[in-house]
Amino acid sequence: MAVERVLVVGEGGRENALAWALARSGHQPRVWITPGNGGSDTIPGCKRLSIAAGNSPELIAACRKNAIELVVIGPEAPLAAGLADELRKAGISVFGPGADGAQLEASKEWAKQLMQEAGVPTAGFWVATNAEEGAAIANSYGRPLVVKADGLAAGKGVTVTVSCEETLAAIAECFSGRFGQAGSRVVLEERLEGPEVSIFALCDGRELLLLPPAQDHKRIGEGDIGPNTGGMGAYAPAPLLDEQGLQQVRTEILEPVVAALQQKGIDYRGVIYAGLMLTNSGPKVIEFNCRFGDPECQTLMPLLDGDWAGVLLACAEGRLDQAPELNITSVCSACVVAAAQGYPEATRLGDRISDSGADLSNNDSYSQLFHAGVRADNGNLHTSGGRVLAAVAQGEDFDAAFSAAYSRLAQVNFDGMHFRRDIGHQVRRP
Ligand code: AMP
Ligand code: GLY
């Protein structure tokens, strides 16, 4: 049966991309998004509500009022807080794990232990509960470590150190309270080397459906230098993993993780995002997330051809084996993020955004503009977050796709706007 009414929860570019993809999928369901952002109302077929992700009673009431058949939860924080559990208790189908499964992302220690139990390749690790213990581990290891606050720290809790002094400083920083409760336990990891790739697997509790691999660009600076960000651009399908490589990731990483979750009695219905490093000794897990990547999601959504809403509902109902067919268009997708003045450090907000362009779609390329840190004010858009928007485009090859994405971005302007000009350098011709 066709899905007709879907609610997306979240306020980033990722959620706008999800809403956009859902609204054009299958039988073109009506889509609501809450709380969304200043760009959400411009998505064809999408209506914005103003209920916060933390307000489950109002969300349940809105689902009943609008006869919502499927809720898709975008960000990790409401998942970790148990929003999916609350909605499921009210009889609503949800794409997104419960608080139990969301620990894959919400506790790095929990995820590492699960990987160890499941025999999943990942970096060796230790857990410290205070600074002295951390320093003792670092000193006896004798080489620089990766220092990770255990809990959710809005993507800022990881320091890849390059000297033992830096390792000790990062451990001290975590225990100094910089990340609040999230840093009261610290995971110390051996440093891996190799290119990174993001894998997204839809999981209905048992079965898996993998999307094409994507590559993110975490650093702020061209040439992959400078501080980490939420992600400054992406492309898909990333040629880093071929069909055989993906199959290896499925059998050596994803299937064992699902089996380990099942063993703990966890019925994981949502996306498993595996952040992998392709090391000399094969793919290893850097981290798991319990949601789509941002901006990988914006990059991947335009590649989907079929009943996306039907697939996510089947996943939410634990029957992925009966899901409608999802085809992946065989083109290249490119995504470039524009950030606000100062991001990722002190970010200036409130700059007026002008956009003289329209989303283009012709025989050579397609493009989309997904808003993120944007608020609407008297019909005008202003910056309201660090990553402001993403220009996405598809083409026959990555050169064409990136050329169209950068052309789309050239139509946008706001004071302090900055973006990397080298996104996709790995796959573009010089
Ligand atoms: P996260 O905030 O968890 O996404 O991690 C940020 C970045 O830190 C990752 O994208 C990797 O580039 C890096 N990183 C995390 N763990 C390791 C590790 N064990 N070895 C090398 N780099 C790592
Ligand atoms: N793009 C990385 C993330 O969503 O965590």
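Every chain is numbered on its own, with residues counted from 1 as its sequence reads. Here the convention is simple: chains get letters from A, ligands get numbers from 1, in the order in which they are written. This being a predicted model, a pLDDT of at least 70 is required before a residue's local features are given, and a value of 80 or more before pairs of side-chain atoms are given or counted; all residues contribute to the totals for chains, interfaces and linings. Only hydrogens and water are set aside when side-chain values are computed; all heavy atoms of the structure are taken into account.

**Some details on the overall build of the chain**
Each helix and strand counted, the chain has twelve helices and 26 strands in total. At 21 Å, the chain has a C-alpha radius of gyration in line with the 22 Å of a compact globule built from 430 residues. Expressed along its principal axes, the backbone C-alpha trace of the chain runs to roughly 60 × 45 × 45 Å. Counting over 430 residues, the chain shows a buried share of 57%. Within the chain, contacts between residues at least 6 apart in sequence are counted, and of these 68% link residues at least 24 apart. The protein chains shown are the only cover counted for residues, whose accessible areas, like all others here, come from Shrake-Rupley with a 1.4 Å probe. In the structure as shown, the chain presents an accessible area of about 17,500 Å², 46% of it carried by carbon and sulfur atoms. Of the side-chain charges in the chain, 36 are positive and 52 negative, and the distance between the mean point of each set is 4 Å. Strands are runs of DSSP state E lasting at least 2 residues, helices are runs of H or I lasting at least 4, and numbering of each runs from the N terminus. Put simply, the radius of gyration uses C-alpha atoms, and a globule should come to 2.2 Å times the residue count raised to 0.38. Partly exposed residues are those whose accessible area sits between 20% and 50% of the maximum for their type, while under 20% is buried and over 50% is exposed, using a 1.4 Å probe and protein chains only. Residue contacts are counted whenever heavy atoms from the two residues lie within 4.5 Å of one another. Charged residues are defined here as Lys and Arg on the positive side and Asp and Glu on the negative side; His and the ends of the chain fall outside this count. Every charge is mapped onto a representative atom, which is NZ of Lys, CZ of Arg, CG of Asp or CD of Glu.

**What to know about the site of ligand 2**
In the region of ligand 2, the neighbouring residues are Asp 216, Lys 218, Gly 230, Tyr 273, Arg 291, Gly 293, Asp 294, Pro 295 and Glu 296. For this analysis, a polar contact is any N or O atom pair within 3.5 Å, provided that within protein one partner can donate a hydrogen and the other can accept it, and provided that sequence-adjacent residues contribute only side-chain to side-chain pairs. Within the backbone of Asp 294, one N or O atom sits 2.9 Å away from a nitrogen atom of ligand 2. With the chains in place, 90% of the 200 Å² that ligand 2 exposes on its own is no longer accessible. Here a residue is considered near a molecule or strand provided that any single heavy atom belonging to it is located within 4 Å of it.

**Description of the site of ligand 1**
The local shell around ligand 1 holds 17 residues, among which Lys 148, Glu 189, Leu 192, Glu 196 and Glu 287 are the closest. Separating a nitrogen atom of ligand 1 from a backbone N or O atom of Glu 190 is a distance of 3.0 Å. In this structure, a nitrogen atom belonging to ligand 1 sits 2.9 Å away from a main-chain N or O atom of Leu 192. Burial of ligand 1 by the surrounding chains reaches 91%, relative to a free accessible area of 480 Å². Only strand E7 (146–149), strand E8 (158–160) and strand E17 (282–289) provide two or more residues apiece to the shell around ligand 1. All amino acids are sorted into three groups, where Ala, Val, Leu, Ile, Met, Phe, Trp, Tyr, Cys and Pro are nonpolar, Asp, Glu, Lys and Arg are charged, and the leftover types, Gly among them, are polar. The residue inventory of the shell around ligand 1, partitioned by class, reads seven nonpolar, two polar and eight charged.

**What about the packing of helix H7 (residues 131–141) against helix H8 (residues 164–175)?**
Between the N-to-C directions of two axes lies an angle of 0 to 180 degrees, each axis being a line fitted to C-alpha atoms and, for a helix, fitted only over the stretch in contact. Here H7 crosses H8 at 160 degrees, and the two axes come no closer than 9 Å. Taken together, H7 and H8 sit at an angle that is classed as roughly antiparallel. Remark: the crossing between H7 and H8 carries right-handed chirality. Where H7 approaches H8, its residues Ala 131, Gly 134, Ala 135, Ala 138 and Asn 139 are matched on the opposing element by Thr 167, Leu 168, Ile 171 and Phe 175. Split into classes, the residues belonging to the contact of H7 with H8 amount to six nonpolar, three polar and no charged. Orientation labels follow simple angle bins: below 35 degrees gives roughly parallel, above 145 gives roughly antiparallel, 65 to 115 gives roughly perpendicular, and whatever is left gives oblique. Two helices cross in a left-handed way if the nearer one is turned anticlockwise from the farther one by less than a right angle. They cross in a right-handed way if the turn is clockwise.

**Things to note about the packing of helix H1 (residues 13–23) against helix H11 (residues 308–316)**
Any two packed helices are characterised by the angle at which their axes cross and by the distance between the axes. Remark: H1 packs on H11, axes separated minimally by 7 Å, with the N-to-C direction vectors making an angle of 110 degrees. Relative to H11, H1 is oriented roughly perpendicular. For the pair H1 and H11, contact is made by Leu 18, Ala 21 and Leu 22 and by Trp 308, Ala 309 and Leu 312, respectively. Split by residue class, the contact of H1 with H11 holds six nonpolar, no polar and no charged.

**Section: the packing of aromatic side chains**
Any Phe, Tyr or Trp ring, taking Trp's six-membered ring, that has another such ring centre within 6.5 Å forms a pair; planes under 30 degrees apart are called stacked, those over 60 apart edge-to-face, and the others tilted. One pass over the full model with this rule turns up eleven aromatic pairs. With a centroid separation of 6.0 Å and an interplanar angle of 35 degrees, the aromatic rings of Phe 200 and Phe 292 are classed as tilted. In this pair, Phe 200 sits in strand E10 (residues 196–204) while Phe 292 sits in the loop between E17 and helix H10 (296–300), placing the two residues 92 residues apart along the sequence. Under the relative-accessibility criterion, Phe 200 is labelled buried at 0%. The class of Phe 292 is buried, set by a relative accessible area of 3%. Between Tyr 235 and Phe 402, the ring centres sit 6.4 Å apart and the planes meet at 70 degrees, which makes this aromatic pair edge-to-face. One end of the pair, Tyr 235, is in strand E15 (residues 233–236); the other, Phe 402, is in helix H12 (residues 398–409), with 167 residues separating them in the sequence. Both residues of the pair, Tyr 235 and Phe 402, belong to the buried class. The rings of Phe 95, Phe 200, Tyr 273, Phe 292 and Trp 308 are connected pair by pair, giving a single aromatic cluster.

**Comments concerning the sheet that holds strand E2 (residues 30–35)**
Two strands qualify as a pair provided DSSP detects at least 2 bridges between them. Across the sheet, which stays open at both edges, the five strands sit in the order E3-E2-E1-E4-E5 with parallel pairing between neighbours. Sheet topology places strand E3 (46–48) and strand E5 (94–95) at the edges, where each strand pairs with a single neighbour.

**Points about the pattern of salt bridges**
Salt bridges are defined by distance alone: a side-chain nitrogen of Lys or Arg within 4 Å of a carboxyl oxygen of Asp or Glu. Taken as a whole and judged by the stated rule, the model has 24 salt bridges. Linking Arg 420 and Asp 224 is a salt bridge whose minimum nitrogen-to-oxygen distance equals 2.9 Å. Here Asp 224 lies in the loop between strand E13 (219–221) and strand E14 (225–228) and Arg 420 lies in the segment after strand E26 (412–413), a separation of 196 residues in the sequence. Judged by relative accessible area, which is 1%, Arg 420 ranks as buried. Connected through shared salt-bridge partners, Glu 76, Glu 105 and Arg 291 make up one network.

**Details of helix H5 (residues 99–106)**
For H5, the full list of buried residues reads Gly 101, Ala 102, Leu 104 and Glu 105. Along H5, the residues classed as buried sweep out an arc of 120 degrees about the axis, all on the same side. Against the buried residues of H5 lie helix H3 (76–80), helix H6 (108–118), strand E16 (269–279) and E17. It is the directions from the helix axis to the C-beta atoms whose arc is reported.

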